[in-house]
Every structure is written in C-alpha cells, then in structure tokens.
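Examination of the molecular architecture
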Amino acid sequence: MNLRRSEFHAFTGSGSSRFLYLVPSAAVVQLDDLSHAVLETLAAGDRSATDLVETLSDRWKADEVRTSVDELLGLRAIHTVAAPPPKPKAEKPKRSIPLQTLVLNVTSKCNLSCGYCYEYGEDKIVEAKTKPRFMNEATAKQSVDFLFSEAGDSPSVNLTFFGGETLMNFKMLQSALAYARERGAALGKEVNASLTTNATLLREEIIDWIVANDVGVTVSIDGAREQQDKFRVFANGMGSYDIILPNIKSLLARHRRRPVGARVTLTGQNLDVASIYTHLFEEIGFWEVGFAPVTTSWQREYAIEDEGFQRLLSGFQALAADFLDAALAGRRHGFSNVRDTLEEIHKGMSKAYPCGAGLGLMGVATDGDVALCHRFAGSDEHKLGSVFDGVDHARQDEFLQKHHIANKTDCATCWARPLCAGGCYHEAHTRYGSTVEPNLHYCNWIRAWTNTCLEIYGTLAERKPEYLAQFD
Amino acid sequence: MRHLKPINQKARHIQSIIDNDVVALQQGGPAQGPHVPLGCSFVFAPGWEVDSNGGTAGLCQPVERDLFDCHLTCFWPAHVPDLYNHAPDWTAKCASAQKDWRKIDLIFP
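Residues numbered from 1 in each chain as written. Chains lettered and ligands numbered in written order. Predicted model: local features only at pLDDT ≥ 70, side-chain atom pairs only at ≥ 80, totals over all residues.

When helices and strands are tallied, chain A shows 16 helices and 16 strands. Against the compact-globule benchmark of 23 Å for 472 residues, chain A has a radius of gyration of 24 Å, which places it among compact chains. Each principal axis of the C-alpha distribution contributes one length, and for chain A these read about 75 × 50 × 45 Å. Burial status across chain A gives 42% buried among its 472 residues. Contacts in chain A between residues at least 24 apart in sequence constitute 70% of all its contacts with a sequence separation of at least 6. (Helix = DSSP H or I, 4+ residues; strand = E, 2+ residues; numbered from the N terminus. Rg over C-alpha atoms; globule rule 2.2 N^0.38 Å. Buried ≥ 20, exposed ≤ 12 C-beta atoms within 10 Å, placed from the backbone. Contact = placed C-beta atoms within 7 Å.)

So this is what it looks like as structure tokens:
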C-alpha cells in the first residue's frame, strides 16, 4: 500500500524548525526530524510504509517510523495512493450564517476627486446619476431594521457607514445611529458602529459625536503630503493633505477608546510602503495602518503591474520584518496586514469564500437596494434584495454556489487557497469583468506574501508563543 | 502526537479528533471511558481468554457462547458451516450451547 504526499506548504521559522501548512485544513504543525525525513523520502516518489521503515532504518527504529507515518496520515499530510483525500464539494454552509455587518452607502457624493476612485473613476460599476445622491432617514432606519431581522440570534451587529464621503450625510448618520442604538437596546443586541472617511470634514462637532457614540473610524489616506496629494485631490486639483492633517490630529487626540486606523491605497506611483508607514504610524500616530493595492483595470496608468508587484512585495516583507522584531521585543506594531493574516493563520481559517460579502456582510445603496458589499451597492447585476423587501435567498444561494472555492478550478491546486480563496470579487469584476474569476494577476504575490506571514507565524510560535495566545 | 507538534488552533482541533478516534492498541490507545466488548474480545485481558488465575475455570462467559456470538453478532463465519444453504440444521439438536454443544457434529462439504 503505497503512500503519497498530500497538499501542504512547508516553511521554516527563524531557526532550524520546520513547519507544515496543511491544505485544505489550514492546520499548522511543527515537524521533528523523523517526520521531515518521511516527507523528504516521499518527495522522491510514492513508497510503502515498509519501504520507508527500511530506508530510514539507519537512523530510526521501525515502530518510530510507523508512528510518524500514522501521525502524518491522521493529519492528511500524506495519504495512501488507493485512498486520496476527498475532493471538496461546493456545499452551502451547514448552518445559516446570520448577517453580521451592514455597510450603508449613505451618499454617493464625494468632495474629493481621487484619480483612482473605483466609484467614480474609469472603472465604476454604477452610474451615480441613476440613484439618489443621499440616503434618506427612512431608508437608513429601514436598513437598521433589516440588519436586526437578518442578524437572527447574534448578540451584536456591526453597522458601518460608507460613501462617497460618509460625512457629507452627517445629519442622517446621527439619526440612523441613534435609531440603531435604541432598537438594539430594545432587542438586547449590541450595535457596533464604524465609518470610513477621507477626514476632510472632521469638524469638532463631528468628532464630539464620534467620541460620544464610540464610533470606530478608518481614515483613507495615502501617506505624507506628496504621496497623499498625488491622487487624493479636490475637484480643482488641490491636494487634501493640508486640510486633513489637523483634523486627523484632533481626532487622534480625542478619540481614545477605539483604535483609529489608516487605510492606504497603493498605486504604481505610490509603493514606498516603509515611508508611508513611518509617516502614518510614527509621525501622525494612527493605531494601525492597512495597505491595499488599488483596484483597477490593468491598463490604467496608476495600476500596479509586474515590476510594481515585486517592489510592493519587497516593501511588505521589509515592513513585516520590522513587525516581527517589534513582536519579539514586546512592542506594538501597526502593520495591520500582517496582524490580520497571523490571526487567520492561528485560527486555521480555511475559506470557502474570499470574504463575507453576500454572506455575513452586505452593502446598501442610497435607495435601499442590497448588494454583495459596499463596492457593489447600487449595481443591479449584483443586487441581492432590498432593505424593504428583504434578501432574495434564491439569488443569494445561487451566488454562493457559483463562487464557492470548490468551483474555482484555477485555485484547486494552490496551497494558498485556504486564506485567499480567489481574492476580492470587486477586484475580479474590475479586472476580468466577472466576480466568479479568481484574481490570477496576483497569485504569485499572494503565495509569496502568505509564505512571509507563515514564516513570521512559525518564528513567533518558536520564540514568542505568548504573542499568538492573544488570538486564542 | 510524538513526531508532530500542533501549533495553531486548527491543528489542535484535528489532534483532539484523532485522539478520540480508534487507534491501534500498539500505540497505547487513547484514554477512554469503560470499554464493554460486545460479541468477541479484542482486549487480551483476563476475563475472556483466560481468567484472573490464568486458567479457564472462571471466564466471564462460557467459551461455548462464542460459537454463536461470533458468527451471529459479529458476523465472523469462518468457524461455522454455511447455515443458510449447506447445513441449515447444523445446530438443530443444540438447544443450549452450554449444555448441548457436544451434540453439534462435524460437517463435511
């Protein structure tokens, strides 16, 4: 009965320790020399357990080798050739997943004209003129009721305000959140509120409301003045950095109960991750900084292409090394991309879908139409229902069936699929015209980056396991 | 696990499943609650094959019971003839295995 290696990704920690990332279970185990030798022997071709015992007999006793083989079989790191691991099926979630997060696109208007904007730029999905420019109070309240009714038994819900520029509809935010909190109290559910803003309109009165209502804030910002003003400009072309800086400083000084994060859009012209991070984390004082490559068609001049992805990777890896040093030294580091990935690795997430869009998260357009997420809000093609009529569950089921990782043939042999699952639907739609397509343009990048995060995870598991305990 | 160390939550979860699974006795076996063998015994402990003194006088069950129990409850038919086709009356004279086992004759195909 011959044995064969199953799917896994082998990686190392800081020293000589060897680890396996098992696919698709997403389990991480540390190998001893014998298990490593068994896998190395099988790398040359299929062997029987008896063969393995004989090959390794100069270093290990037969029963030790057999125990190791049994353990590797148990974890599905290897399998018998006659009984390969079962192929995953595109099954619906076993239990219905309640709606946890509703993103309200409270306005489609924005006071900035960022060159790369997916909502208004060359790759937009929704023609803004076809929808109301602002969500009204009745629609917002209906959205809140919709969230509570779809949330089932969840003890808490997340209500996120988004735009356009979210704060252009500040008046409605106030009444919507007050209503949500009132309904939440009546229903015994906690309402966790957050918003994303470009920080141009963060007046004192708005900061007062944010602090008083414990609203989480993410600021879209691209770095220091020169980096920010490349794309994040007003309609007349004037940069926004000098307007937002005092606002952000005031927010950071006063809003101490919830971490305020910066969210950076990287473009072909803005890839210096280290200097952006230093400015935002150390000089301005954001709690954390998250980076995302711009979502765009490949032919746009701000798109990140091959050489750019290489630069981006080196930048991420250098900053990740800083993150590791800080974690080992017991200092907090704000590079949230690493921290988030470490948490997913620690929990052993093996995703059937790249994100919660259309499942535990949905986006509401200004008119109350419900779509996959905020990036698709208002798109009829990606509509799942409306806050007035509820979710079209047949359509949702069809979406989930089509987008299940088991139906993404291109991903079937990739070891990074438990974490990536094909990547962002919106990115795929912009790049390939369909949410079903996996984002093949960054596969190599994702694998290299996931490997970096796994190596950091392995090093922490070896040298600072208490750091990982925070994710338990 | 002796040669693999679970590191993340998923690995620990899988280990807990494996630990509660059926494993070969050579591996020492998992920690379990009381084990009640049904039909035949797969533990070589006093009580079945031998009694606590190493003899057969004080077995938990008469050995003759195995004649029926093995092929009826465990479907282990090797030591009995084909009762359905070839020798349906093989045990006709054996009302009680403990008393009448001598009445069961040899069967020649």
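Here we take up helix α8 (residues 241–254) of chain A. Compared with an ideal rise of 1.5 Å per residue, which puts 14 residues at 20 Å, α8 of chain A spans 20 Å between its outermost C-alpha atoms and is within 8% of the ideal. The elements touched by buried residues of α8 of chain A are α6 (204–212), β10 (216–220) and α9 (273–284) of chain A. (Expected span 1.5 Å × (residues − 1).)

A separate point is the pairing of strand β9 (residues 190–197) of chain A. Residue and element names in this part refer to chain A. In the sheet, strand β8 (residues 156–162) pairs with β9 via 6 bridges, with the strands oriented parallel. Residue pairing in the sheet places Asn158 in a bridge with Asn192 of β9. With helix α5 (residues 170–187) bridging β8 and its parallel neighbour β9, the resulting β-α-β unit is right-handed. Of the strand pairs in this sheet, β9 and β10 are connected by 4 bridges, and their pairing is parallel. From the neighbouring strand, Ser194 faces β10, where its bridge partner is Gly216. (Pairing = 2+ DSSP bridges. Right-handed = clockwise from strand over helix to strand, strands pointing away.)

All names here are of chain A. Domain parsing of chain A yields domain 1 (2–86) and domain 2 (101–370). Contact residues are listed per partner, giving 5 residues for domain 1 and 4 residues for domain 2. Partitioning the side of domain 1 that touches domain 2 into residue classes produces 4 nonpolar, 1 polar and no charged. (Domains from an automatic or database assignment. Nonpolar A, V, L, I, M, F, W, Y, C, P; charged D, E, K, R; others polar.)

Facing the 14 residues of chain B at the interface are 22 residues of chain A. Secondary-structure elements contributing two or more residues to the side of chain B that touches chain A are β1 (4–6) and α1 (9–19) of chain B. Looking at the side of chain B that touches chain A, the element that brings in the most residues is α1 of chain B, giving 5 residues. In terms of strand pairing, strand β4 (residues 28–31) of chain A meets β1 of chain B through 3 bridges, oriented antiparallel. Across the sheet, the residue bridging to Leu31 of chain A is Leu4 of chain B, located in β1 of chain B.

The strand order across the open sheet formed by 4 strands is β2(A)-β3(A)-β4(A)-β1(B), and the pairing between neighbours is antiparallel. The strands lining the two open edges of the sheet, one partner per strand, are β2 (8–12) of chain A together with β1 of chain B. Taken pair by pair, the neighbouring strands of this sheet meet at an average axis angle of 30 degrees, ignoring direction. Inspection of the sheet shows strand β3 (residues 18–22) of chain A paired to β4 of chain A by 4 bridges, in the antiparallel sense. For Leu20 of chain A, the partnering residue across the bridge sits in β4 of chain A and is Val29 of chain A. (Axes fitted to C-alpha atoms, helices over the stretch in contact; angles between N-to-C directions.)

Turning our attention to the sheet that holds strand β1 (residues 2–5) of chain A. Sheet strands associate in pairs through backbone hydrogen bonding, adopting either a parallel or an antiparallel arrangement. All names here are of chain A. The 3 strands are arranged β5-β1-β6 in an open sheet whose pairing can be described as antiparallel. Looking at the sheet topology across the chains shown, the edges are occupied by β5 (47–48) and β6 (78–80). Where β1 and β6 come together, 3 bridges link them in antiparallel fashion. Opposite Arg4, over in β6, you have His79 as the bridge partner. Strands in contact with helix α1 (residues 33–43) are β1, β5 and β6; relative to β1, the strand with the most contacts, it is inclined by about 95 degrees.

The next point concerns unusual backbone geometry. Residue and element names in this part refer to chain A. The omega torsion of the bond from Val23 to Pro24 falls at 10 degrees, within 30 degrees of zero and hence cis. Position of Pro24 relative to the elements: it lies in the loop between β3 and β4. A cis amide bond, omega 20 degrees, links Gly163 with the succeeding residue Gly164. Among the structural elements, Gly164 can be located in the loop between β8 and α5. Even without glycine at this site, Arg76 takes up a positive phi of about 60 degrees. With respect to the secondary-structure elements, Arg76 resides in the loop between α3 (62–74) and β6. We classify Arg76 as partly exposed; it has 18 C-beta atoms within 10 Å.

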